[in-house]
Amino acid sequence: MRSLAVILLAATCGTAHAQGPETSPWDYEAGRATPFGEGSAVAWDILVSSNDGGANLNRVHAELGPDWVAWREPTGPVQWVDLPEGRILRIENNMLTNIALVAEARRRLDIYASLSRAGSLDTIPFGPGRSFHRVWLEAAMGIAANSGEVEIVDTETGFDAQFGEETVFSADYGQTDDTLCAEARIDPARRTATLALIRHAVPIHPDAFDALQARNDLPCAFSYTVYSPDSPDGRFESWVLKPASSRPLPRPGDATGETLPQEALIGAVGETAVSVVRVEGNQPPDPIEFFSDTQTLRATGDLAGAFLTTIQETHHFGPCPEQAIGSARLTCSEAPGLARQAAQNEGLRQVLEGMNALRQGDHARAVERLAPFRLRDDSAGVAARILVANELVAWGQEGLDARPDLDPAAMLAEALELDPYAPDTYWHLGRRYLEAGAPHAAWTLFDLGRALPGREPTPLLSQVDTLEARIGELAPDWMNPAGSVAESSQ
């Protein structure tokens, strides 16, 4: 039984990547625990029939590895699913896009939760006077709040997944008549890859996919029905396995360049982050440098800048320890002493008023007092940008309307470009993308933040691990379509 409560939690709220967007196409395969190796080449003929009488025949070429699958449809990119690394690799126009598999699962969860109200609607409206049952959305997204919506009925050659009088999915294993399966069979050692292909390339309902997983054999043919905004009257697709008939598919290392997921959204921030992570010899500031900066600012009378710099230090290294003196986090010992000087320093008093308002939940006052400091280009200005951006988000639409001159995402992007070594900024900006419905962009930032040289994920950024674990529980088929890779390859 899938938990509706958990789906709601994940819609509002695995393992960390190893070969994320910081890895160049040419280094990707070398960075795997084992090389991709040679795959078993196969093909499927796909007959697509619409209810208006139209039909066309397509072919999908695929290569099945022990823990990966690659395929090319008649149009669109070559796609690789790398299960151990948790990545989707898309090659189009010789450019590679490296996507977190968990981000794609989250995208589908978001769509399902939004359109079906987390599975509470039976009928999904689309267009004037049109609708379709939630089961067809569940098949399209590969996500369902509850199991058992589709009935699995054994047949002489396999099984049918039925909803009412319609067959949602049908699998043929050639058990009584080998005519259909005479041309090609899949090596049982490629079970994981085959199920991964079906999970990612086919709109299959989770109940039907569960039935596929439960069988030790692999179908040589399957078919399914689709209802969607693109096919409001329905269409029928039939896949039949055929011998391979094409040259090998491009590998990730064959790409001549790369693009980040949702690059148009991420823009220059992504380029900055990739260069920081990838270029050897980059040296991030250490805690002693922050301490030195605060001392310099204090000596020049810039107490507001010194206090904000102590805050930026925590964006790099996490909350201050209880005993800062005697540790590497000497900057943390500066804040109390600075606060005692507020009466003699207008700028510091303004910052402390803003921080007090922040703690009290007075978002308007916090933004008003802290916003002027965002114009600085040093660590203090970076901290101010992050604080003001988060206060605007907490303030909600009222705050955005009250301060149209302030853009939270833009301020966080500026903060990252000015100081790309602070893990907390990757979390805050990634969350903005996630809440805006762009999980591919969000996980690009999460992954880059976790790959920063000279940094460990802060407690804030470590929350990505919890997000990924929840998504893995909600959509296990997307992460491990045949269970554990190790078990399925034995």
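Worth saying up front: this structure is predicted, and the values here are computed from it rather than measured.

Student: Please explain the overall build of the protein as it appears in this structure.
Tutor: A tally of regular secondary structure across the protein gives 21 helices and 14 strands. Along the longest, intermediate and shortest principal axes, the C-alpha atoms of the protein span 90 × 50 × 35 Å. Counting over 490 residues, the protein shows a buried share of 53%. When the accessible area of the protein is evaluated, it comes to approximately 21000 Å², of which 50% is carbon and sulfur surface. Of the side chains in the protein, 38 bear a positive and 69 a negative charge, and the two mean positions are spaced by 4 Å.

Student: Got a minute to help me understand empty space enclosed by the protein in this structure?
Tutor: Think of a ball as big as a water molecule: rolled over the atoms, this probe shows where empty space is left. Its boundaries defined by the atoms lining it, the largest cavity holds a volume of some 50 Å³. Pro-21, Thr-23, Pro-25, Leu-96, Thr-97, Asn-98, Glu-258, Thr-259 and Leu-260 together form the lining of the largest cavity. The set of elements that each furnish at least two residues to the lining of the largest cavity consists of β6 (95-100) and β14 (257-259). No other element matches the three residues that β6 contributes to the lining of the largest cavity. Taken together, the residues that form the lining of the largest cavity break down as four nonpolar, four polar and one charged.

Student: Can you walk me through helix α10 (residues 303-317) in this structure?
Tutor: Compared with the 21 Å implied by 1.5 Å per residue over 15 residues, the 22 Å span of α10 between its first and last C-alpha is a close match. For α10, the tally of buried residues reaches 14 of 15 residues, placing the bulk of the element in the interior. The positive-phi residue at the C-terminal boundary of α10 is Gly-318, with phi of around 90°.

Student: Looking at this structure, how should I read the pattern of salt bridges?
Tutor: Close approach of charged atoms lets side chains of opposite charge pair. According to the stated counting rule, one finds 34 salt bridges in the structure shown. Glu-258 is the salt-bridge partner of Arg-278, the closest N and O atoms lying 2.8 Å from each other. Placement of Arg-278 in helix α8 (residues 268-278) and of Glu-258 in strand β14 is noted, with a sequence separation of 20 residues between them. Several salt bridges converge on common partners, so that one network encompasses Glu-346, Arg-349, Glu-353, Arg-365, Glu-368 and Arg-369.

Student: What am I meant to see in the packing of α10 against helix α12 (residues 346-360) here?
Tutor: In helix packing, the relevant descriptors are the interaxial angle and the interaxial distance, both defined with respect to the helix axes. Running from N to C, α10 and α12 cross one another at 35°; their axes reach a closest spacing of 7 Å. Here α10 contributes Leu-303, Ala-304, Phe-307, Leu-308 and Ile-311 to the contact with α12, which in turn contributes Gly-347, Leu-348, Val-351, Leu-352 and Met-355. Residues of the contact of α10 with α12, tallied by class, amount to nine nonpolar, one polar and no charged.

About the criteria used
- Residues numbered from 1 in each chain as written.
- Predicted model: local features only at pLDDT ≥ 70, side-chain atom pairs only at ≥ 80, totals over all residues.
- Heavy atoms only, no water.
- Helix = DSSP H or I, 4+ residues; strand = E, 2+ residues; numbered from the N terminus.
- Buried < 20%, exposed > 50% of the residue type's maximum accessible area, 1.4 Å probe, protein only.
- Areas by Shrake-Rupley, 256 points an atom, 1.4 Å probe, with all protein chains shown as cover.
- Lys, Arg positive; Asp, Glu negative; His and termini not counted.
- Charge placed at Lys NZ, Arg CZ, Asp CG, Glu CD.
- 1 Å grid on protein atoms, 1.4 Å probe; cavity = no way out; pocket = protein on both sides within 12 Å on 5 of 7 lines; lining within 4 Å.
- Points joined across faces, edges and corners; volume = space filled by probe spheres on them.
- Nonpolar A, V, L, I, M, F, W, Y, C, P; charged D, E, K, R; others polar.
- Expected span 1.5 Å × (residues − 1).
- Salt bridge = Lys/Arg side-chain N within 4 Å of Asp/Glu carboxyl O.
- Axes fitted to C-alpha atoms, helices over the stretch in contact; angles between N-to-C directions.
- Contact = heavy atoms within 4.5 Å.

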